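So you can see what is in the structure, the chains are spelled out below.
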Amino acid sequence: MAVPVAFFALFFAYPVTAIVGRGLKVGGDWQFARIGEVLSRPDILGVLWFTTWQALASTALTLLIALPGAYVLARFDFPGKQLLRAVVTVPFVLPTVVVGTAFLALLGRGGLLDELWGVRLDTTVWAILLAHVFFNYAVVVRTVGGLWSQLDPRQEEAARMLGAGRFAAFRRVTLPALTPAVAAAALMVFLFTFTSFGVVQILGGPAYSTLEVEIYRQTAQLLDLPTAAVLTLVQFAAVGGILAVHAATVRRRERALKLVDPAQTSRRPRGAGQWALLGGVLLTALLLILLPLGVLVERSFDGPGGYGFGYYEALQSVGAGGSSTFLVPPLEAVGNSLRYALVATLIALAVGGLAAAALTRRAGRLVRGFDALLMLPLGVSAVTVGFGFLITLDKPPLDLRTSWILVPLAQALVGVPFVVRTMLPVLRAVDDRLREAAAVLGASPLRAWREVDLPLVRRAVLVAAGFAFAVSLGEFGATVFIARPDTPTLPVAVARLLGRSGELNYGQAMALSTILMLVCAVSLLLLERIRTDRSGEF
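Quantities reported herein were computed from a predicted structural model and do not represent experimental measurements. (Residues numbered from 1 in each chain as written. Predicted model: local features only at pLDDT ≥ 70, side-chain atom pairs only at ≥ 80, totals over all residues. Heavy atoms only, no water.)

A. Fine view of the overall build of the chain. Within the chain, the regular secondary structure consists of 25 helices and four strands. A burial count over the chain gives 54% of its 538 residues as buried. The long-range share in the chain, meaning contacts at least 24 apart out of those at least 6 apart in sequence, stands at 80%. (Helix = DSSP H or I, 4+ residues; strand = E, 2+ residues; numbered from the N terminus. Buried < 20%, exposed > 50% of the residue type's maximum accessible area, 1.4 Å probe, protein only. Contact = heavy atoms within 4.5 Å.)

And the structure:
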């Protein structure tokens, strides 16, 4: 636990505490009375209610739509399966401002629904909920599907032979085994929607505001740091309470499972019902995921003079069309993002892997509290973390403001929870008797981990690496404050272009978003190829 604790203490707890302290301290004295003053305001109470309500609704809707996709990708073998798995993960790496813009083009004025049926859903909660499902669909599919594909189907088949119906066998055999993974996925979806920023700001308009949107407004627009600090504390306390309840609930349901090679559980669909389920999942992917992504691609080629590569060509020069948005060609953001994401993934795997190994032992309250701590970066305002980095990591021996490593560190903070949540259910499902047998035969703890745990969790490690790489590519909230002007990342570059008026800037933003989407798809396809090639080694 030493390395993960030190990492979170230096790069999360210290910056967040410092920025909150600046908001609540006056002349060196804490002004806790401001907390009651802020929370008694009707507008703030309305923000708190909407933040909680839309997060719960988004989580329930995402589980309802994505769980069938998790089952199909875990149990069915069909042409294009790897491509589908990569496609459903692509939305997760897109900056939220791009997701909001894509859905605005579909649901807003002049969008597809408006042109076909005269219906507009922008500035409604339905647009927000659909965008959240689009963004978090992959969380459920990858997290739940990763464990589902390794569950031995013969246990459910045995229950069927003993007289249980299909639903009863699933409810009594498979569902209890999947509960930790489903709870982990639901937790991640809830935290992401609870702290939603770009989607709510673009699609909700002034009528809807989450805590994250309100923190940004109080900090960047109204310069009211005390109110922003109070809202950050409220967000922190709410997330901490949710994580504590989650840890206590899931811990009662975790048990050792018999994990098998995913190749043994995957087969071609049989019967009309299974083919209909596969068709429904493909139709969902088409309408929910491919359609918004298609809007991005179409707009990246739709230039003033007709369809062409004009916007892509403009990315290769500085100040195209008189714009001074960048000090370097925007296309350089591609290489910057790949380098940062690779380093952030390695950091997240090292820190998250050690944390997951420690949490597997379940040794007392200290470890259980650490489990909840690891998820806090997903529930604390990225605006707060970004400002905290700037005001704390500016003095020796942690003067990192001019160092390139600062961006990967911020990205790894978001990647570590995904590594832990992905690896932990699989690690805890490994039967302790296997480790004990290795110890009896003379294996050291390190060798037992290498020869017993690692072969069984290699699939989860690769899934975790894919998640960490994906979220690092798309991280925006904290990176926007610490990325250097001469080394922007793709999300930062897209946001800068969207923030400037003009058709050329908007077209370049769509072109960069398309490049980000393609980079993610290629990376995930390579990951799927490596994982499939090695699946026989379990």
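B. Fine view of the pattern of salt bridges. Scanning all chains against the criterion turns up four salt bridges. Of the charged contacts in the structure, one is a salt bridge between D43 and R41, with a shortest N-O distance of 3.1 Å. In this structure D43 comes out as partly exposed when scored by relative accessible area, which is 36%. Taking the relative accessible area as the measure of exposure, R41 reaches 27% and is therefore partly exposed. Linking E451 and R447 is a salt bridge whose minimum nitrogen-to-oxygen distance equals 2.8 Å. Separated by four residues within a single helix, E451 and R447 lie in helix α22 (residues 445-474), roughly one turn from each other. Classification of E451 as partly exposed rests on a relative accessible area of 46%. With relative accessibility at 41%, the residue R447 sits in the partly exposed group. Each of R447, R450 and E451 takes part in a single network of salt bridges with overlapping partners. (Salt bridge = Lys/Arg side-chain N within 4 Å of Asp/Glu carboxyl O.)

C. Main features of the packing of helix α16 (residues 332-360) against helix α24 (residues 490-498). The N-to-C vectors of α16 and α24 enclose an angle of 140°; their axes lie 8 Å apart at closest approach. Contacts between α16 and α24 involve A333, V334 and S337 from the former and L490, P491 and A493 from the latter. Residues that form the contact of α16 with α24 fall into these classes: five nonpolar, one polar and no charged. (Axes fitted to C-alpha atoms, helices over the stretch in contact; angles between N-to-C directions. Nonpolar A, V, L, I, M, F, W, Y, C, P; charged D, E, K, R; others polar.)

D. Looking closely at a nonpolar patch on the surface. Judged by side-chain polarity, L112, L116, W117, V119, L283, L286, L287, L290 and L291 come together as a nonpolar surface patch covering roughly 850 Å² of accessible area. Considering every element that reaches the nonpolar patch, the biggest residue donor is helix α14 (residues 271-301), with five residues. Tracing the chain through its elements places W117 in helix α6 (residues 112-117). (Patch = residues over 30% accessible without salt bridge, like charges linked within 9 Å, V, L, I, M, F, W, Y side chains within 5 Å. Areas by Shrake-Rupley, 256 points an atom, 1.4 Å probe, with all protein chains shown as cover.)

E. Inspection of the packing of aromatic side chains at higher detail. What the rule picks out here adds up to 13 aromatic pairs. Each ring, one from Y71 and one from F76, has its centre 5.4 Å from the other, and the planes form 75°; the classification is edge-to-face. A residue is classified by how much of its surface remains accessible, and Y71, at 23% relative accessible area, is partly exposed. (Phe/Tyr/Trp six-rings, centres within 6.5 Å; stacked < 30°, edge-to-face > 60°.)

F. Layout of the nonpolar core. F7, F92, F389 and F418 are the most contacted members of the largest nonpolar core, which has 156 residues in total. At 16 residues, the largest contribution of residues to this core is made by helix α7 (residues 125-148). (Core = buried A, V, L, I, M, F, W, Y, C linked by side-chain atoms within 4.5 Å.)

G. Examining a positive patch on the surface more closely. Where like charges cluster on the molecular surface, the positive patch consists of R160, R166, R267 and R270. Note on placement: R166 falls in helix α9 (residues 166-194). (Lys, Arg positive; Asp, Glu negative; His and termini not counted. Charge placed at Lys NZ, Arg CZ, Asp CG, Glu CD.)

H. Here's a closer look at the environment of F76. Relative to the elements of secondary structure, F76 occurs in the loop between α3 (42-75) and α4 (81-89). Of the residues examined, F76 reaches a relative accessible area of 0% and is grouped as buried. The spacing of F76 and S149 is 73 residues in sequence and 9.4 Å in space, taken between C-alpha atoms. Beyond its immediate chain neighbours, meaning those up to four positions away, F76 contacts Y71, K81, S266, R267, P269, Q274, L277 and L278.

I. Here's a closer look at the environment of F50. Note that F50 resides in helix α3. Here F50 falls in the buried class, since its relative accessible area comes to 10%. Taking the C-alpha atoms as reference points, F50 and S209, separated by 159 residues in sequence, lie 7.4 Å from one another. Other than its neighbours up to four places away in sequence, F50 contacts V125, I128, V200, Y208, S209 and T210.

J. Structural detail: helix α5 (residues 96-107). A rise of 1.5 Å per residue sets the reference length of α5, with its 12 residues, at 16 Å; its end C-alpha atoms lie 16 Å apart and thus fit the reference within 8%. Taken across its 12 residues, α5 has 10 buried, putting it largely inside the fold. Burial in α5 covers these residues: V97, V98, V99, G100, T101, A102, F103, A105, L106 and L107. (Expected span 1.5 Å × (residues − 1).)

K. Main features of the confidence of the model for the chain. Averaged over the chain, the pLDDT score is 79; the fraction of residues at 70 or greater is 88%. Across residues 534-538, where pLDDT falls below 50, the model places nine contacts with residues more than four positions away in sequence or in other chains. (pLDDT = per-residue confidence, 0-100.)

L. Highlighting the layout of surface pockets. Estimates place the volume of the largest pocket at around 830 Å³. Residue lining of the largest pocket: 39 residues in total, with T96, F197, A382, F476 and G477 positioned closest to the centre. Among the elements that line the lining of the largest pocket, the one with the most residues is helix α10 (residues 198-204), at four residues. Residues belonging to the lining of the largest pocket are distributed by class as follows: 26 nonpolar, 11 polar and two charged. (1 Å grid on protein atoms, 1.4 Å probe; cavity = no way out; pocket = protein on both sides within 12 Å on 5 of 7 lines; lining within 4 Å. Points joined across faces, edges and corners; volume = space filled by probe spheres on them.)

M. Up close: the packing of α7 against α22. Two elements in contact, α7 and α22, have axes separated by 10 Å at closest approach and are oriented at 170°. Of the possible angle classes, the one that applies to α7 and α22 is roughly antiparallel. Two packed elements cross with a definite hand, and for α7 against α22 that hand is left-handed. Facing α7, whose interface residues are A138, V139, R142, T143 and G146, α22 presents R459, V463 and F467. (Parallel < 35°, antiparallel > 145°, perpendicular 65-115°, else oblique. Left-handed = near helix turned anticlockwise from the far one by under 90°.)

N. Region of interest: the side chain of T479. Its place among the elements puts T479 in helix α23 (residues 479-482). Owing to a relative accessible area of 0%, T479 belongs among the buried residues under this scheme. Setting aside residues up to four positions removed in sequence, T479 forms contacts with V407, Q411, T489 and V492.

O. Fine view of the environment of G352. Within the secondary structure, G352 sits in helix α16. On the basis of relative accessibility, which here comes to 0%, the residue G352 falls in the buried class. Separated by 65 residues in the primary sequence, G352 and P417 have C-alpha atoms spaced 7.0 Å apart. When neighbours within four sequence positions are excluded, G352 is seen to be in contact with V416, V419 and V420.

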